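# Remarks on the overall topology
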Amino acid sequence: MQTADTYELAAVARLPMPGDNTAIATRRLEAGELVTVDGHPHPLSHTVLEGHRFAVRPIRAGERLLSWNLPFGTALQPIEPGTYVCNERTLHSLRLRSVRADLPDQPNFADSAVDYHLHPATFQPAPPPSAVESPPSFWGFQRSPARGVGTRNFIVLLGTSSATGSFVRALEERLQGLAKEWPNLDGIVAAAHTEGSVPAANNHQHVLRTLAGFLVHPNVGAVLAVDAGWEPINNTVLRTFLSENGYPIDDTLHAFMSLEASFEETLQTATAHVLRWLEPVNATPRTLVSAAHLKVALQCGGSDAFSGISANPLIGWAAHHFVRCGGYANIAETPELIGAEPYMLAHVKDLATAERYLAIRQRFIDYAAAHDTSAEGNPSDGNKFRGLYNIILKSIGAAQKKHPETRLDGALDYSERMPEPGFYFMDTPGLDLESVAGQVASGCTVIYFTTGNGSVTNFPFVPTLKIVTTTPRFELLSKDMDVNAGAYLDGVPMEQLGLDLVERTLRVASGERTTGELAGHAQVQIWRNWRQQPGTAAERPSSPRPDRSPLPVHPPVSPLTFHYPALAAAGGPVFEQVGMVIPTSLCAAQVARLAAERLNRRKVGLGPTRTRYVSLVHTEGCSDATGAAITMSAPTLLGYATHPMVERCLLLEHGCEVMHNDFMRRSLSERGCDLHRFGWASVQLDGGIAQVLDRIENWFHTHPAAPAHPADGSLATLRIGLVATAPLPPAAARSLAHVATAVAAAGGTVVAAESGYLPHTPTFIEQTLLPPTPWSPSLAYAEQPLHPGFHIMATPTDHPVEILTGLGATGVDAVLAYVGAHPIQGHPLVPVLELAADCPADRRTELDLFLSGDDSHWANQILEKLGDLASHRSIPQRLQLGNIDFQIARGLMGISL
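The sections below set out a description of the structure shown in this document. Source: prediction; values computed, not measured.

### Remarks on the overall build of the protein
Tallying secondary structure elements over the protein gives 25 helices and 35 strands in all. Computed over C-alpha atoms, the radius of gyration of the protein comes to 28 Å, within 12% of the 29 Å expected from 2.2 N^0.38 for 897 residues, which places it in the range of a compact globule. Once the C-alpha set of the protein is aligned to its principal axes, its extents read approximately 90 × 70 × 55 Å. Taken over 897 residues, the protein has a buried fraction of 64%. Expressed as a percentage of contacts within the protein between residues at least 6 apart in sequence, the contacts between residues at least 24 apart total 75%. Per element, the accessible surface of the protein, about 31800 Å² overall, is 53% carbon and sulfur. In the protein, which carries 66 positive and 88 negative side-chain charges, the distance between the mean positions of the two groups comes to 3 Å.

As structure tokens, then:
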């Protein structure tokens, strides 16, 4: 009989603090193995995965489970030493992943309720920390006193709203490499985001404060802010906000411009602006300044059970040092501190600061409750897989970014500027990119980003130092990480690691590039808008789910004939077939973009049935607070994975999100898809960016495109989307109705957007739907129809890009978009035919089709243009210019947690 292995507790586990009754496994342990605690061996009840916990002393039913001497759960039954401790959420999460382990059938503890009360009568203000006598120095860019000292010197191309995000990205690409000729210029970068284009947005102040903070940031040598002019948040609104709130915009070299001319003409004008700035921006040299000018953002992403033991205490140590030097530090992510109040409020400047902290905390709790969720929706599957069972454990670990001796000096709203040196808490969601944007807007010039799983995200104009929790994960991702905090678990003293990080920070602040900067990708995301309805779930009217049946329509007013050359595909004739790289979450999005660009550049497997590679860069998939990953994000991405135009598809996970590859495999399998048609890759588990790019290229290389088989397309095989983003004149409405009814009558498919101007155009509705059929969705957002015919897709959004994203996922060959005088951004995959009949002469060159002449021929003009797209005689202007975007709607109840 084989004897079970026996280990000393310190060899296989960590106690965050003496007195804890649970320990964290530092490696995978198997059921039956013995762990010696206080001289007594105890058999493990089940597999204990790395980062997961087991009891180290008897715990009575009803007794609290402790980590860092703080409660995170209550025992549901007596728990003996050696027993694996687990809650229902974690067991459910592990069952959804490909985890081979001996796991219990039932949980043995319930999550603790968050309960904290401040007692003003006994509150004691904390003194400031002792000052460092001789603060170190770094080489920085001195701006005006109101702006501070920068660690970088960038020219920033700022999209004031989402409507100009694709413009500033195209401008960045045009100016690529120009900065190399100027030694004091660190780069010319775009800052594009998803906000500011929707009327009556709930995040209006969030967006304005963030944009204002970007404009005056000390890392910005010059900034060009570009709007479309019509958005709720445009340059006029932004300039008023800057003036009324005292932002030192006049101390920044800047310009505001609008997309008034054509896309190409505006690119040329913007380029001229930037070229004029090169010399004056380069004329600002680095000078030696005190570390008191450093402003450090404390951030975490892809956290694990060791984040609170190694990486977070490490950056807390360094931040404490810089605060003692007279500098600034900023901790954020409100939901990821709920449950850690006893620690966060142990040392506070004054009672008003403590009360402000708790008021912000309560506001976030109420905000989540209004969306029928709580902070428990924050921990991702990756967090749970790596041992963060619930929000309290995650929060207690996250709070370790504040050193025990650090005083909390202030509590700020999202993107509010830090008024004076000290340690600040800022209200932000837990989503990393949205939180980072707020910290940057507050003035932070260096970002400490701790990660257990290995997050690879970066910010465009502020350097990010990535600090990893464990040595094995650092070794796996060494080309994408900067600091191995796992050395602490290996025996290196925290003080030594802290001093090393301080020195590394000063070098980075002086110009040394981080691994993220060398990787060449970055992303901006502001706290996203949401559209929740007032009241509780019980008070809100519920709508039945659409049944996917086509709606009854009139016969066409006259016959239309249409034939086009197509390629035979599994889903019917298509205009084109492509290779697709789909990131399952926002943190994999930029890597997916790099992959598609590389595949196109190297022409891997391109041919008649794989003409190009497309990636879908989006901001969703990290958490599932309200089920949105199930009802919105996942169906959208699955729709593209199974789109008739997609010849081969590879799904790329970051590795720690809720919509990971196992989730997508299961979802595709439930749809009856052949999983052998899909490729799979993981940024984290495949070893980082370079390795995963090689893996993606190899998969497409070893899965060549099938031989081309021509097919004849007609109205009966056509699948088109319809949307109107501008008022339709009667003649245009009749023409679109003519095309739609002709396609439906022939056996083709039409998918119209529920929102926009179509439902407000009586002529279109009267000539399309048979009365008394209401204008009501037959398809959910991004849902593919079961049968051909005329459909209306639910669009819980007014954003044109989000509408196009949903329409594209339904499987259409092209979208007809009536845009009037304001062309919209195109789509990365599906051609968008932008048309108008009432556009000023100077804007008609921006259109794909200007309807003119006898309006009885307009329907044929539209079909003729679709034929040009199908035969590749014509490419949509937006696609040619790179003026494209992609964004999944969050729906009425979407939330950033």
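### Considerations on the sheet that holds strand β2 (residues 13–14)
Taking strand neighbours across the sheet as the criterion, the three strands line up as β2-β3-β6 in an open arrangement whose pairing is antiparallel. Strands with a single pairing partner mark the edges of an open sheet, and in this sheet they are β2 and β6 (53–55). Of the pairings in the sheet, the one linking strand β3 (residues 22–25) to β6 comprises three bridges and is antiparallel in character. Within the sheet, the bridge partner assigned to A23 lies in β6 and is F54.

### As for the side chain of Q825
Along the chain, Q825 turns up in the loop between β33 (814–818) and β34 (832–836). With a relative accessible area of 7%, Q825 lands in the buried category. Polar side-chain contacts of Q825 include one of 3.0 Å to the backbone oxygen of S162. For Q825, the side chain forms a polar contact with the side chain of S166, separated by 3.0 Å. Discounting chain neighbours no more than four positions away, the residues touching Q825 are S162, A163, T164, G165, S166, V801, L804, E834, R878, N883 and D885.

### What about the pattern of salt bridges?
In total, this model carries 39 salt bridges according to the counting rule given. Between R507 and E512 there is a salt bridge, and its shortest N-O distance comes to 3.0 Å. Residue classification places R507 among the partly exposed residues on the basis of a relative accessible area of 40%. For E783, the salt bridge is made with R545, and the minimal N-O distance between the two is 3.1 Å. Placement of E783 in the loop between α22 (762–768) and β32 (789–793) and of R545 in the loop between α16 (515–519) and β24 (563–567) is noted, with a sequence separation of 238 residues between them. A relative accessible area of 10% places E783 in the buried class.

### Brief notes about helix α2 (residues 88–95)
Every buried residue belonging to α2 is among T90, L91, S93 and L94, and all of these are buried. Taken down its axis, α2 places every buried residue within 160° of arc, on the same side. The inward-facing, buried residues of α2 contact α10 (381–385).

### A short note on the packing of helix α4 (residues 204–215) against helix α12 (residues 432–441)
Interhelical geometry of α4 versus α12 gives an angle of 55° and a closest axis separation of 8 Å. Relative to α12, α4 is oriented oblique. α4 and α12 meet at a crossing whose hand is left-handed. Each of R209, T210, G213 and F214 in α4 lies in contact with α12, whose residues at this interface are A437, V440 and A441. Taken together, the residues of the contact of α4 with α12 sort by class into four nonpolar, two polar and one charged.

The rules behind these values
- Residues numbered from 1 in each chain as written.
- Predicted model: local features only at pLDDT ≥ 70, side-chain atom pairs only at ≥ 80, totals over all residues.
- Heavy atoms only, no water.
- Helix = DSSP H or I, 4+ residues; strand = E, 2+ residues; numbered from the N terminus.
- Rg over C-alpha atoms; globule rule 2.2 N^0.38 Å.
- Buried < 20%, exposed > 50% of the residue type's maximum accessible area, 1.4 Å probe, protein only.
- Contact = heavy atoms within 4.5 Å.
- Areas by Shrake-Rupley, 256 points an atom, 1.4 Å probe, with all protein chains shown as cover.
- Lys, Arg positive; Asp, Glu negative; His and termini not counted.
- Charge placed at Lys NZ, Arg CZ, Asp CG, Glu CD.
- Pairing = 2+ DSSP bridges.
- Polar contact = N/O pair within 3.5 Å; in protein donor to acceptor, adjacent residues only side chain to side chain.
- Salt bridge = Lys/Arg side-chain N within 4 Å of Asp/Glu carboxyl O.
- Arc of directions from axis to C-beta.
- Axes fitted to C-alpha atoms, helices over the stretch in contact; angles between N-to-C directions.
- Parallel < 35°, antiparallel > 145°, perpendicular 65-115°, else oblique.
- Left-handed = near helix turned anticlockwise from the far one by under 90°.
- Nonpolar A, V, L, I, M, F, W, Y, C, P; charged D, E, K, R; others polar.

Geometry only, nothing functional implied.
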